[in-house]
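Fold and contact review
If you want the building blocks of each chain, they are given just below.
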Amino acid sequence: METSSKNKRKKFSPSINQIKVFILEHGIYVFLVLLILLSSILSPSFFKTDNILNMLRSAAVLGIVSIGQTYVIIGGGADLSVGATMGTAAILISEITKGENNNVAIGIIACLLVGVFIGLINGLLITKRNMPPLVVSLGMSILVEGARLAYTQGIISGRPAPFIRELAKIHGLFPVPLIIMVVLFAIASIILNHSPYGRKLFAVGGNPEAAKYSGIKVDRTVIISYMISGFFAALAGLVLSGYIGYGDRYLGTGFNLDSVAATIVGGTSFEGGMGGIGGTIVGVAIMTILFNITLMLGLPINVQLIVKGLIIIAAVLMYSIMQTSALGSKSNGANLLISRIKSKVKVRKEAK
Amino acid sequence: MSDYLIELIDITKTFPGVRALDNVSMKVISGEVHALVGENGAGKSTLIKILAGVFRPDGNKSVIKIAGEEVELNNPIIAQECGVSVIYQEFNLLPYLSVTENIFLGRLPTKKSGIIDWKKANSNASEILLSLNLDIDPRTFLKDLSVAQKQIVEIGKALSLNARIIIMDEPSAVLAGEELNYLFEVIRSLKERGITVVYISHRLDEIFEIADRATVLKDGKLVGTLKIQDAEKSELIEMMIGRTLDETFPKSSNGTGKKILEVKNISTKNLINNVSFILHKGEVLGIAGLVGSGKTELARALFGVDSLTNGQIIIDEKTVKNIDPKKAVELGIGLVPEDRKSQGLVLKLSIKKNITLPVLKFFTKIGLIKKNLEIKYVKDHMQALEIKAPGINTVVQQLSGGNQQKVVVAKWLGTNPNVFILDEPTRGIDVGTKKEMYNIIRDLAEDGAGVIMMSSELLEILGMSDRILVMHQGEIAGELKSDEASEERILRLAIGE
Amino acid sequence: MSTASPKANDLKQQITRVFKDNLLIFTIYGVILIMVIFASLSSPFFLSTYNLITLLKQATVLGILAVGQSILIISGAIDLSMGSTVTLISLVVAGIMDSREPLVIPMVLFGLFIGTGIGFIHGLLTTKLKLEPFIVTLATFSIIQGIAYAYTTVPKGGITPELSELLYYGQLGPIPLPVIYFFLIFILVYVLLKFTKIGRNIYAIGGDAEVARRSGIKVEKIKIIRYTFVGLLVSIAALIATGRMGIGDPLAGQGMEFDAITASVIGGISFMGGRGSLIGTLGGVFLLGLINNIMVMSNVNMYYQLLIKGIIVILAVAIYKQKK
């Protein structure tokens, strides 16, 4: 009798488990769809063209900076200086172009170089001094902001060149920033998934020691990831300054956390060696829609901070459960969650 | 009431794909020094981890009795409460705490006010250590002690826990000469105090010197228990090995070719001191030595992980300057490192991505990896090494130890290495795969590579090598031809005699 | 056997050992000494009692936070949400109290409760759900700030002058009260870490949580207690900061978590965990306070102050190489 009931259970449970596993594994897509449905119910204006185009435009800026963040996190790090880099690029382009198109090429190149340089310093300090990435990149962000403040003496800079403003425009149904982001996304995906550098980055993030023993220059690989992040952050700063129309020291504020959140929600693991840009873009979409909902519901802007924090915790939790259940453990995700929350009752048989 | 302090009865333990212990029984008499012997992979570690409460045996048939009473050792703390203390090779000690704290970790004596009584703690620690003949300031950071001293601190910790049974996991693997004699003195003094010692080793001389009885394991099964007094060495060897060398190891066929690698007087900051040798095409050069003798460090130096402070590496008549791992790969050096999980593989990545990691440039056209070329390459190598896995995209974490090790070897096949270094190539893999691995190593040599094989398993060294170098404290202690080598001669060189 | 080993009761060797083990701390205080000499030579005002006391007084909030951060880093964790928590407590306590006498005690208690509660939640999230301290506190940094700003984004309310006096402006003899609070806390935590079981267990957990667990230490429990205690320290720091401002200040805690980390890093607390001493952290706090004081005294343009701070942080990071 006992065996037959066991068999029954075995036969029955996989289907439920499979559904659960499916939901867990494709959680963010399911979540995105639900979120879109929910938004359209909550606010009829959600699907209005204007709203969608605006969302796409702001998603594009977050998307660009998050692509770089994804590289860094896959490599086992984190870059909390992207916000400062964005703000610096925005001010620099305004300072160099002063609202004219004459110097725009030099301006853009200078901004990108500054971004790459900040990344280089980050990478050097993290690899050569073996300091935690968050301490280094936060420290760098203080240094960068300090340098910017010393340079501008607190005065808001002039306007960026008209060309930069074009970068943020919406032409008919085509928001230019989105096009920029899609192109960058395509290039970044190809590099990550089909180039030797991408492979090396995954290996270094997953196990730096093994990567070293395979003849990979670990430090160089990590440093490059921070330089890529700096590059994308500078680019995002340029687009953002075109959108805002002037250089402002608070311009990049919040993008540190937003880009980390989007990347993590998108399934890139903080442990390194896992994830991808495709997921990050879905993460960006989710973050953008959530922000949009809070706005449409008339909630104070700062509620977005709460949303950000909660979604980071939710995402990390979900992925850590998924990972545990994927790696050999028989229990499904839900049970795992329960067993984690309940403190394990230790069965102890005292030996005399 | 039986005379046995520990009774392990019908212990079985299965890991995914491997039966580590099969109905093993072992009984230890109170107050004796009981040796537990067997080759690597015989199941010694698994058995003591069960006794230590780290693993739980399978099923209900397995019974553990301590002092005649059945116990369930669900976790290490319970085992400790039952009086079992284990001293592992990787010590359970914290380098940045003082010796006193390490001994009394979590149990420091306090005054009534709740403040730790450092004076008492230090003097207690001193007392314990002095009783073990170790005179040091117990306030020293643990990291500043020698390996032998750390071992004594571990024993002291066990004593402070009122351990009745102290299990030592190959303590001699990291010791030699005078330090070893000192350890034996300590073990004898433990015995005088009535403490039972289970001593794991595969060095026969020691067992005959220190043990009262010995239990032999082989391939996860019990071979038998015998009294050392009545036993002959040859008897014990036969029990340990139980098969002749010819069965396991492929024959070396063709002679060796031209010189492919020459190492001249190299030294590193990491133990290696003035090492010189020559490697020929087609030969398997065995490197023997105790744990900590510098085998792994030599592998690291040759592969450029540790930089040279002195000396030269000459490959194909060309001197290599400032070798680093990347350059080593380009020069045709392949390394199967000692610890495959932390050094050989990126466990989260697929078989494909692991295998092609050192050779990505082979498939790269205009900066991108050519998918088809890569897949074909991986499939070919998986087939050649008979790697058993659902597919090329299987995550290596899900493979058995043996298959994982083959993936590590496969990483290097495509680089057509001239010099193939394998550091403990059969550690932690099952007997069947071991044999396959030996064939693979021999094939590599026959295909023209020079193979350097580091191993602490003497049998493997004797069976596989055309020539044997023995290391001791970072130096080459001697060289033996395969026909003049014996277990005893290697050991003598290894302990510095 | 013990030939090459450190022998007991050898005074000379003991002194070398103490010096060798604490080389970093000697260095920090050496640097501080040099800076003090430099500062007193360039300005006679520097060594005045008034200036030194002001320096200490202004360093108390950072000091308490740095002590908390050091406890966490020693045991292998971190708290990035300290600044937000300080802001939240400042806004809520002053905002609700609004200078009303009867609300003083309840609101002070409520302030302590907020910080301690947040610490407790951090403890739960990092143990029961096994989430990384870094990512958890990065998230709660945002959540707490969101809650604070949802309450108000402009300065709000106020505390009673008596409370302000008690928390920040009062003196016991010549010594300002906050300095006394700080040193009491410092000594308490120093004793806790060095002379109690729980303190030693905190070091053990930071050194190797697995070894600690196998030695019978209740790792999860201690991790939770530790975060909760640090939460209490954060709320005390927040109250003192509020006492200084007198009102609920939305910028009260801005950047403080990182200043606390910086002080710990300068003080030689290693991110590898399990080592480092509060004496070093104290040095880090003094050093940061000193730099601030010198910048103010020598009239450094406020727009350069952030840059100088950034340079110091990056220099500290670049100088201390963490061992693997």
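Residues numbered from 1 in each chain as written. Chains lettered and ligands numbered in written order. Predicted model: local features only at pLDDT ≥ 70, side-chain atom pairs only at ≥ 80, totals over all residues. Heavy atoms only, no water.

Within chain C, the regular secondary structure consists of 14 helices and 2 strands. For a compact globule of 324 residues, the expected C-alpha radius of gyration is about 20 Å, and chain C comes in at 21 Å, within 12% of that figure. In terms of principal-axis extent, the alpha carbons of chain C reach across some 70 × 55 × 35 Å. Long-range pairs, those at least 24 residues apart, make up 78% of the contacts in chain C between residues at least 6 apart in sequence. Counting only carbon and sulfur atoms, one obtains 70% of the accessible surface of chain C, whose full area is about 13,800 Å². (Helix = DSSP H or I, 4+ residues; strand = E, 2+ residues; numbered from the N terminus. Rg over C-alpha atoms; globule rule 2.2 N^0.38 Å. Contact = heavy atoms within 4.5 Å. Areas by Shrake-Rupley, 256 points an atom, 1.4 Å probe, with all protein chains shown as cover.)

Attention shifts here to the pattern of salt bridges. In this structure the tally under the stated criterion is 32 salt bridges over all chains. Between D324(B) and K217(A) there is a salt bridge, and its shortest N-O distance comes to 2.7 Å. Here K217(A) lies in the loop between α10 (208–212) and α11 (218–244) and D324(B) lies in the loop between β15 (318–320) and α11 (325–330), a pairing that spans two chains. Between R427(B) and E424(B) there is a salt bridge whose closest N-O contact spans 3.7 Å. Since its relative accessible area comes to 5%, E424(B) is described here as buried. Members of the salt-bridge network, linked through shared partners, are E283(B), R467(B) and E479(B). (Salt bridge = Lys/Arg side-chain N within 4 Å of Asp/Glu carboxyl O. Buried < 20%, exposed > 50% of the residue type's maximum accessible area, 1.4 Å probe, protein only.)

Our next topic: the confidence of the model for chain C. Any residue range with low pLDDT should be treated as having predicted coordinates unsuitable for detailed reading. On average, residues of chain C score 90 in pLDDT, and 96% of them are at 70 or above. Note that pLDDT drops below 50 for residues 1–8 of chain C; the model gives that stretch 20 contacts with residues more than four away or on any other chain. (pLDDT = per-residue confidence, 0-100.)

What follows is about the pairing of strand β22 (residues 475–481) of chain B. Residues and elements named next belong to chain B. In the sheet, strand β21 (residues 467–472) pairs with β22 via 6 bridges, with the strands oriented antiparallel. Bridge pairing in β22 links M471 to I476. Connecting the antiparallel pair β21 and β22 is a turn made up of 2 residues, with Q473 showing a positive phi of about 45°. (Pairing = 2+ DSSP bridges.)

With that settled, consider the interface of chain C and chain A. With 43 residues of chain C in contact, the opposing surface of chain A contributes 42 residues. Between chain C and chain A, a total of about 3,800 Å² is buried, with carbon and sulfur atoms accounting for 79% of that surface. Seen at the junction of chain C and chain A, the total is 0 salt bridges. Top contributing element to the side of chain C that touches chain A by residue count: helix α6 (residues 133–151) of chain C, with 13 residues. Tallied by class, the residues present in the side of chain C that touches chain A amount to 29 nonpolar, 8 polar and 6 charged. (Buried area = accessible area lost by both parts, 1.4 Å probe. Nonpolar A, V, L, I, M, F, W, Y, C, P; charged D, E, K, R; others polar.)

So, about the interface of chain B and chain C. It is common to give the size of an interface as the accessible area that goes away when the parts come together. Contact residues are listed per partner, giving 30 residues for chain B and 30 residues for chain C. For the pair chain B and chain C, the summed buried area comes to about 2,700 Å², and 59% of that belongs to carbon and sulfur atoms. When residues of chain B are sorted by the area they lose upon contact with chain C, L94(B), Y96(B) and D135(B) head the list and together hold 18% of the total. At the junction of chain B with chain C, the criterion picks out 1 salt bridge. One salt bridge connects E101(B) with R200(C), and the closest N-O pair in it is separated by 2.4 Å. Put simply, chain B and chain C have 6 residue pairs in polar contact (both at pLDDT 80 or more) between them. When contributions to the side of chain B that touches chain C are tallied by element, the ones reaching two or more residues are α2 (76–81), α5 (147–160) and α6 (177–192) of chain B. Of the residues belonging to the side of chain B that touches chain C, the class tally is 15 nonpolar, 7 polar and 8 charged. (Polar contact = N/O pair within 3.5 Å; in protein donor to acceptor, adjacent residues only side chain to side chain.)

Residues and elements named next belong to chain B. Its location among the elements puts N23 in strand β2 (residues 18–29). For N23, a relative accessible area of 35% translates into the label partly exposed. Spatially, the C-alpha atoms of N23 and G220 are 8.5 Å apart, while their sequence positions differ by 197 residues. In this structure, N23 is in contact with D10, I11, T12 and K61, ignoring residues within four places of it in sequence.

Time to look at the sheet that holds β2(B). Either a parallel or an antiparallel arrangement is found when strands of a sheet pair, and the pairing is made through backbone hydrogen bonds. Residues and elements named next belong to chain B. An order of β2-β1-β4-β5 is seen for the 4 strands of this open sheet, with the pairing classed as antiparallel. Edge positions in the sheet fall to β2 and β5 (69–70), since each has one partner strand and no second. The pairing of strand β4 (residues 63–66) with β5 spans 2 bridges and is antiparallel. The residue bridging I66 from the neighbouring strand is E69, located in β5. In this fold helix α1 (residues 44–51) packs onto β1 (4–15), β2 and β4, with an angle of close to 120° to the strand it touches most, β1. (Axes fitted to C-alpha atoms, helices over the stretch in contact; angles between N-to-C directions.)

For the rest of this paragraph, the subject is the packing of helix α3 (residues 49–74) of chain A against helix α8 (residues 176–194) of chain A. Helix-helix packing is characterised by the crossing angle of the two axes and by the distance between the axes. Residues and elements named next belong to chain A. The N-to-C vectors of α3 and α8 enclose an angle of 20°; their axes lie 8 Å apart at closest approach. The angle between α3 and α8 falls in the class roughly parallel. The two elements α3 and α8 cross, and the hand of that crossing is left-handed. Note on element contacts: α8 touches α3 through P177, L178, I180, M181, L184, F185, A188, I191 and L192, opposite L56, R57, A59, A60, G63, I64, I67, Y71 and I74. Grouping the amino acids of the contact of α3 with α8 by side-chain chemistry returns 16 nonpolar, 1 polar and 1 charged. (Parallel < 35°, antiparallel > 145°, perpendicular 65-115°, else oblique. Left-handed = near helix turned anticlockwise from the far one by under 90°.)

Moving on, we get to the packing of aromatic side chains. Tallying each qualifying case throughout the model produces 14 aromatic pairs over all chains. Between the aromatic rings of F46(A) and F47(A), the centroid separation amounts to 5.2 Å while the plane-to-plane angle is 80°, which identifies the pairing as edge-to-face. Relative to Y377(B), the ring of F363(B) has its centre 5.0 Å away and its plane inclined at 70°; by these criteria the two rings are edge-to-face. Taken as a pair, F363(B) in the loop between α13 (351–355) and β17 (364–365) and Y377(B) in helix α14 (residues 371–384) lie far apart in primary sequence, 14 residues in all. For F363(B), a relative accessible area of 4% translates into the label buried. Here a set of aromatic residues connected by ring pairs shows up, and it is made of F182(C), F183(C), F186(C) and Y190(C). The lysine or arginine in question, R200(C), covers the ring of Y203(C), its NZ or CZ lying 4.6 Å from the ring centre. (Phe/Tyr/Trp six-rings, centres within 6.5 Å; stacked < 30°, edge-to-face > 60°. Lys NZ or Arg CZ within 6 Å of the ring centre and 35° of its normal.)

Below, the discussion takes up a nonpolar patch on the surface. Residue and element names in this part refer to chain A. Together, L173, F174, I179, V183, I187 and I191 give the surface a local cluster of nonpolar side chains, amounting to about 560 Å² of exposed area. Here the element with the most residues in the nonpolar patch is α8; it accounts for 4 residues. One can find L173 in the loop between β1 (170–171) and β2 (174–175). (Patch = residues over 30% accessible without salt bridge, like charges linked within 9 Å, V, L, I, M, F, W, Y side chains within 5 Å.)

What follows concerns the domain arrangement of chain B. Assigned domains of chain B: these are domain 1 (4–242) and domain 2 (247–494). Just the C-alpha atoms count here: the centres of domain 1 of chain B and domain 2 of chain B sit 33 Å apart. (Domains from an automatic or database assignment.)

Residue and element names in this part refer to chain B. Spatial strand order, β12-β11-β14-β15: 4 strands in an open sheet with antiparallel pairing. Two strands in the sheet have a free side with no partner beyond their single neighbour: β12 (275–280) and β15. The average undirected angle you get between the axes of adjacent strands in this sheet is 15°. Strand contacts of helix α10 (residues 295–302): β11 (259–268), β12 and β14 (308–315), with the helix running at about 110° to β11, the strand carrying the most contacts.

This brings us to the nonpolar core. Generally speaking, soluble globular proteins have nonpolar side chains that are buried together. Within the largest apolar cluster, 286 residues are counted, with the highest numbers of intra-cluster contacts made by L261(B), F277(B), L298(B) and I452(B). Considering every element that reaches this core, the biggest residue donor is helix α14 (residues 303–326) of chain A, with 13 residues. Of the domains in this structure, domain 1 (4–242) and domain 2 (247–494) of chain B are the two that each give at least three residues to this core. Aside from chain neighbours lying at most four places away, what touches I452(B) is L261(B), F277(B), L279(B), L285(B), I287(B), L302(B), V419(B), F420(B), I421(B) and L422(B). (Core = buried A, V, L, I, M, F, W, Y, C linked by side-chain atoms within 4.5 Å.)

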